[in-house]
Amino acid sequence: MQRRGRTRTPPHRGLVPLTAGAGGLLAVVMGLVFLMLVLAIGDAEHSLLSARSGRPALTQVGVVQGAVFDMESGQRSYVITRKDAFLEPWQAARTAFPGQAQRLVDLSTSPAQRRLAQQIQRSGQSFIDDYSVPLVAEARRGDPDASSTARTLEGKQRLDGLRDRFSRYVDTERTSIDRRENALEARMRTLTIAASVGVGAAVLLIVAYGAYVTRVIVWPVRRMAGFATRLAAGDMGARVPPSGRREIGQLETAFNTMAGSLEKSHRRLRLLYDAGTAVGNTLDVGRTADELVRVAVPGFADFVTVDLEESVLRGGEPTAAENVLRRVARGGVRDDSPLDPTGALIAVDPPPGATRHTAAAPALMADLRVTRRARFPDARRTEELLDYGMRSLITAPLSAQGVLMGVIVFWRTRDSPPFEKDDLSDAEELAARSATAIDNARRYTRERETALALQRSVLPHGLPDCPSVDFAYRYLPTGTRAGVGGDWIDVIPLSGTRVALVVGDVVGHGIQASATMGRLRTAVRTLADVDLPPDELLTHLDDLVLHLDDGAGEQAGEVGSTCLYAVYDPISRHCSLASAGHPLPFVITPQGAVEPAPGQAGPPLGLGGLPFETTDLELTAGSTLALFSNGLVHSRHLDMGHGLDRLRRALASAGEGEPLEESCDRVVAALRSGEPADDVTLLLARTRALPRDQVAAWEIPADPGQVAGARTLATDQLAAWKLDELAFTTELVVSELVTNAVRYGSPPIQLRLIRDTRMLICEVSDASSTAPHLRRARVFDEGGRGLLLVAQLTQRWGTRQTSAGKTIWCEQPLPATDASTRPEGSVDWCRE
């Protein structure tokens, strides 16, 4: 195992002493160079000052010489002209000479020059004192000797001596200055060469030091920075090739160790992330197990098997007492493994220490060749597994809320490194997440089955055959985790061969929605028996929903419910419908044109106090009404308007004479994509028209004497229809109903007989809205037995309100009618 901490490297081998030594050497060289530069600059400054010191002396020699010459010129001019004007420059030069001569002595740069300057001072002063002043005095006295040749020659000799001394002084000073300047130039050249050599050596040393630092430090660090960037970008395989030594080598080793640790942690986090996002998305036990296998192979194991109790697969509670499990999922890197296939029964010993209520830990078998205990699935085939190449495994129990549901086994072959103890935590985490997902799927399965059972109990397995319409329907419960919804379809036969078409939707899913749907369907059927118009029926249903409690303190109306109720009369081909928040149907003409039904959808059920409107349609025979729910045309990925357009196109694409059953399948397949997010309902009803020769109607005067004529009309019509067997019963029924209408009703009175394929219907209408009631007459009562007689003689009877009054009707089965429902109408309600 690698020791953690700081590693001490011998000083002579580390980068620190090497770098410090190179830096110190560079500092020494640079110091010497700078010292040479300082010395050169000081010497140059000294030489420059020395050279500059001779320049003032030369200038002062000129000044002294000029003073002497001015003095000599002034005296000569005076001697010749005897004018006092020439004495002023002479006097000024004679007065300034001592100070100027002394300054020349002071500015002399060498003793020899100083001696020459002193000689010039003495000679000049002697010229003034011994010659010039006496000469001027003689000239003032008018002495002719002042302008004599002898005196002139004497002055010339004296001036020539001064000139000679001035020349020697200037030549000597200039020679000294040239010598100092030449020496300065030689020294400057020497210092320049030395400084150049030093600077060049320093530059070479700097370049060498930079190259050394670049090769030993910069390049390795840059290379590691590049690999670190790849590692940060997600390349977990980035490694630094071990090319360095000393501290850089240690840094490369530490980087590779860190990268390996990060790669391992990344694999683990990726595995757990995939398990969290990919396992448990379907709420199906089998699919959840398959998702777990796909996540674990090949990132964690070469082969994975998942075995569960049978009760868990059915949505039941786990018992943790079964030693035989069902293999739910199996997967691996190859398909030829000797592991038992999916669906097989697996005998397994419980994990070590596992009881009914326990959280058993995963068990590791690092080498199956050494450990051959029968404590894992497929243990009886250990030899075959070893021959195949299985080498190690981890057995992890699947438990939820402390109860074992099954076991998951992770296998590795000889082609992969064996499992280690560090892998137990990963296996335990995978098992825990998978167990939670499987338990959720189990609970969902149980709730869905319960909701489906409740829904099947409140919905018919088939709809009754109706002579007024041909119909086909489809109901697809939602396949999402939300559970079964509350949609329903109903076809309700009404009096007078009319039929009611109903489609409704309870918002929500699950058992509550199914229970609410059953209550609403029962309420609609009860209200339909009263034979109310569509708008009145929805008004009563709305009031009922307001007072309908779901048993949990929440009104069903708050959940949200919609309903569409339509009534079709095959005699008049009149259809009236009303909607409570439900989409209006489409009308398909016999020619294939598809148009939405006119009108507006009213408010949903449960709001209360808002009116519902009835829409009246005149339908030709062969027209088709398409009733549907929102689940067919609306979803998260399909807005309502687009869905209605798609439904219209699907309905319009029907071929001529296409059966309704095929139309239903085609429309649902065109609009359904994958599992429906909501219940899908579709009802296609193709209208029929009752022929005129099957309906007979007469106006009966409001006169008791016309009752016999009404009986005669009825019996004659029955004879024309060849229903003489029903003549006696019909005669009694007509007599009783017409008599009641004449006695208790209001004119006009109408008698109508309707014959369809199954029933003979007798209807008596009048203008009174008072409905009769069936009651038991006492022994001595003279009346009250008519409706009782009608109820006894007919199969059904009833009364309905009309816009002009009321209608009392009764039905008698035809002698040769087969009253059984059509076979194709008995399709299972929850048809997938």
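That block above? That's the structure.
Anyway, here's the lowdown on the structure attached to this text. (Residues numbered from 1 in each chain as written. Predicted model: local features only at pLDDT ≥ 70, side-chain atom pairs only at ≥ 80, totals over all residues. Heavy atoms only, no water.)

Points about helix α10 (residues 511-529)
Part 1 of the argument: In a regular helix each residue adds 1.5 Å, so 19 residues correspond to 27 Å; α10 covers 27 Å between its end C-alpha atoms and thus fits that length.
Part 2 of the argument: Burial in α10 covers these residues: A513, S514, T516, M517, G518, L520, R521, A523, V524, L527 and A528. (Helix = DSSP H or I, 4+ residues; strand = E, 2+ residues; numbered from the N terminus. Expected span 1.5 Å × (residues − 1). Buried < 20%, exposed > 50% of the residue type's maximum accessible area, 1.4 Å probe, protein only.)

Quick notes on the pattern of salt bridges
Side chains that differ in sign of charge can pair as their charged atoms come close.
Part 1 of the argument: Taken as a whole and assessed by the stated rule, the structure comprises 20 salt bridges.
Part 2 of the argument: Between R334 and D336 there is a salt bridge whose closest N-O contact spans 3.5 Å.
Part 3 of the argument: The partly exposed category is assigned to R334, whose relative accessible area is 32%.
Part 4 of the argument: The partner of D423 in a salt bridge is R412, with the nearest N and O atoms 3.8 Å apart. A residue pair is termed long-range when its members are at least 10 positions apart, and D423 in helix α9 (residues 422-458) and R412 in strand β6 (residues 403-413) qualify at 11 residues.
Part 5 of the argument: Residue D423 is classed as buried on the basis of its relative accessible area of 11%.
Part 6 of the argument: Looking at R412, the relative accessible area reads 11%, which means it is buried.
Part 7 of the argument: Salt bridges sharing partners connect three or more residues here, namely K156, D160 and R163. (Salt bridge = Lys/Arg side-chain N within 4 Å of Asp/Glu carboxyl O.)

A few points about unusual backbone geometry
Negative phi values dominate among residues other than glycine, just as trans dominates among peptide bonds.
Part 1 of the argument: Cis geometry is found at the peptide bond from V297 to P298, where omega equals 0 degrees.
Part 2 of the argument: Structurally, P298 is set in the loop between α6 (285-296) and β1 (303-308).
Part 3 of the argument: Non-glycine residue T497 carries a positive phi angle of around 65 degrees.
Part 4 of the argument: Its location among the elements puts T497 in the loop between β8 (485-493) and β9 (499-509).

Quick word on the side chain of D766
Part 1 of the argument: Here D766 is to be found in strand β19 (residues 759-766).
Part 2 of the argument: Residue classification places D766 among the buried positions, given a relative accessible area of 5%.
Part 3 of the argument: There is a polar contact of 2.7 Å between the side chain of D766 and the backbone nitrogen of S768.
Part 4 of the argument: Separated by 2.9 Å, the side chains of D766 and K806 make a polar contact.
Part 5 of the argument: Sequence-distant contacts of D766, defined by excluding residues within four places in its chain, comprise A741, G745, S746, P748, I749, A804, G805 and K806. (Polar contact = N/O pair within 3.5 Å; in protein donor to acceptor, adjacent residues only side chain to side chain. Contact = heavy atoms within 4.5 Å.)

Notes on the sheet that holds strand β16 (residues 680-687)
Part 1 of the argument: Spatially, the five strands line up as an open sheet ordered β7-β16-β15-β12-β13, and their pairing is antiparallel. This sheet does not close on itself; its edge strands, each paired only once, are β7 (469-476) and β13 (594-596). Strand after strand, the sheet turns through a mean of 20 degrees between neighbouring axes, direction not considered.
Part 2 of the argument: Taken together, the eight bridges between β7 and β16 define a ladder with antiparallel strand orientation. (Pairing = 2+ DSSP bridges. Axes fitted to C-alpha atoms, helices over the stretch in contact; angles between N-to-C directions.)

Re the nonpolar core
Part 1 of the argument: Counting 32 residues, the largest nonpolar core has F300, V304, V306, L308, L398, I408 and F410 as the members making the most contacts within it.
Part 2 of the argument: Elements represented by at least two residues in this core include exactly α6, β1, β2 (324-332), β5 (390-400), β6 and α9.
Part 3 of the argument: Ranked by the residues each element gives to this core, the list is headed by α9, at seven residues.
Part 4 of the argument: What V304 contacts, discounting residues up to four positions off in sequence, is V293, A296, V297, A329, R330, G331, I408, V409, F410 and W411.
Part 5 of the argument: Counting residues in hydrophobic clusters, the runner-up holds 31 residues, among them W90, A93, A139 and V170. (Core = buried A, V, L, I, M, F, W, Y, C linked by side-chain atoms within 4.5 Å.)

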